[in-house]
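Commentary on secondary and tertiary structure
The residues making up each chain are set out below.
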Amino acid sequence: MARDAYERKISSEEAAEGYVLVEKAALKFFPAIGHRFGLIESGETASAKVEARDCECRGPEKPHQHYFIRRGGLAKGSRLRFTRAGAAYLVECQSPVGP
């Protein structure tokens, strides 16, 4: 069954480094890695793409990749929801509440 949305709570690393992690299970929701698509937020459209980077965070014997969309200006604890809007994706961002 295809997903109709992808939701993510932003970690401190994602906020500091300016990206949104895309879980491997959610890759089919987005266009292929490296293919550009539009992100629509607050009526504005920006170009984005899912990127991959090699990682050995589980040790050199278990190399793998992490997938992400570059996106600056997010606060730790923000919740993002991506939904398809034709060929683009609508992004809703809910800022964290409290200190």
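One structure accompanies this document, and this report is about it. Since we're looking at a predicted model, the values are computed, not measured.

Rules behind the numbers
Residues numbered from 1 in each chain as written. Predicted model: local features only at pLDDT ≥ 70, side-chain atom pairs only at ≥ 80, totals over all residues. Heavy atoms only, no water. Phe/Tyr/Trp six-rings, centres within 6.5 Å; stacked < 30°, edge-to-face > 60°. Helix = DSSP H or I, 4+ residues; strand = E, 2+ residues; numbered from the N terminus. Buried < 20%, exposed > 50% of the residue type's maximum accessible area, 1.4 Å probe, protein only. Lys NZ or Arg CZ within 6 Å of the ring centre and 35° of its normal. Core = buried A, V, L, I, M, F, W, Y, C linked by side-chain atoms within 4.5 Å. Contact = heavy atoms within 4.5 Å. Pairing = 2+ DSSP bridges. Axes fitted to C-alpha atoms, helices over the stretch in contact; angles between N-to-C directions.

1. Observations regarding the packing of aromatic side chains
Enumeration according to the criterion identifies nine aromatic pairs in this entry. Pairing Tyr 6 with Phe 82 gives two aromatic rings, centres 6.2 Å apart and planes at 35 degrees, and the pair type is tilted. Here Tyr 6, found in strand S1 (residues 5-9), pairs with Phe 82, found in strand S7 (residues 79-85); they are 76 residues apart in sequence, far enough to count as distant. Both residues of the pair, Tyr 6 and Phe 82, count as buried. Taken together, a centroid distance of 5.4 Å and an interplanar angle of 70 degrees make the contact between Phe 29 and Tyr 89 edge-to-face. In this pair, Phe 29 is assigned in the loop between strand S2 (19-22) and strand S3 (37-41) and Tyr 89 in strand S8 (residues 88-94), connecting sequence segments 60 residues apart. A relative accessible area of 3% means that Phe 29 is categorised as buried. Note on Tyr 89: relative accessible area 5%, which makes it buried. Grouped by ring-pair contacts, the aromatic residues Tyr 6, Phe 29, Phe 30, Phe 37, Phe 82 and Tyr 89 constitute a single cluster. Here Arg 53 stacks its cationic end above the ring of Tyr 19, 5.1 Å away from the centre of that ring. Seen from the ring of Phe 68, Arg 53 lies directly overhead, with NZ or CZ sitting 5.2 Å from the centre.

2. A few points about the nonpolar core
Phe 30, Phe 37, Leu 39, Ile 69, Leu 80 and Phe 82 are the most contacted members of the largest nonpolar core, which totals 18 residues. Elements that contribute at least two residues to this core include exactly S2, S3, strand S6 (64-70), S7 and S8. Those residues in contact with Phe 37 that lie beyond four places of it in its chain are Phe 30, Pro 31, Ala 46, Ser 47, Ala 48, Lys 49, Val 50, Ile 69, Ala 87 and Tyr 89.

3. Section: the environment of Gly 86
Summarising the element assignment, Gly 86 is placed in the loop between S7 and S8. Classification of Gly 86 as exposed rests on a relative accessible area of 72%. For the pair formed by Gly 86 and Ala 5, sequence separation is 81 residues and the distance between their alpha carbons is 13 Å.

4. Re the sheet that holds S3
Pairing within the open sheet is mixed, and its five strands lie in the order S1-S7-S8-S3-S4. In this open sheet, the two edge strands, each paired with only one partner strand, are S1 and strand S4 (44-48). Taking each pair of neighbouring strands and ignoring which way they run, the sheet shows an average axis angle of 25 degrees. Here five bridges tie S1 to S7, and the two strands are oriented antiparallel to one another. Note that in S7 the partner of Arg 8 across the bridge is Leu 80.

So far we have only geometry, and geometry alone does not tell us how the molecule works.
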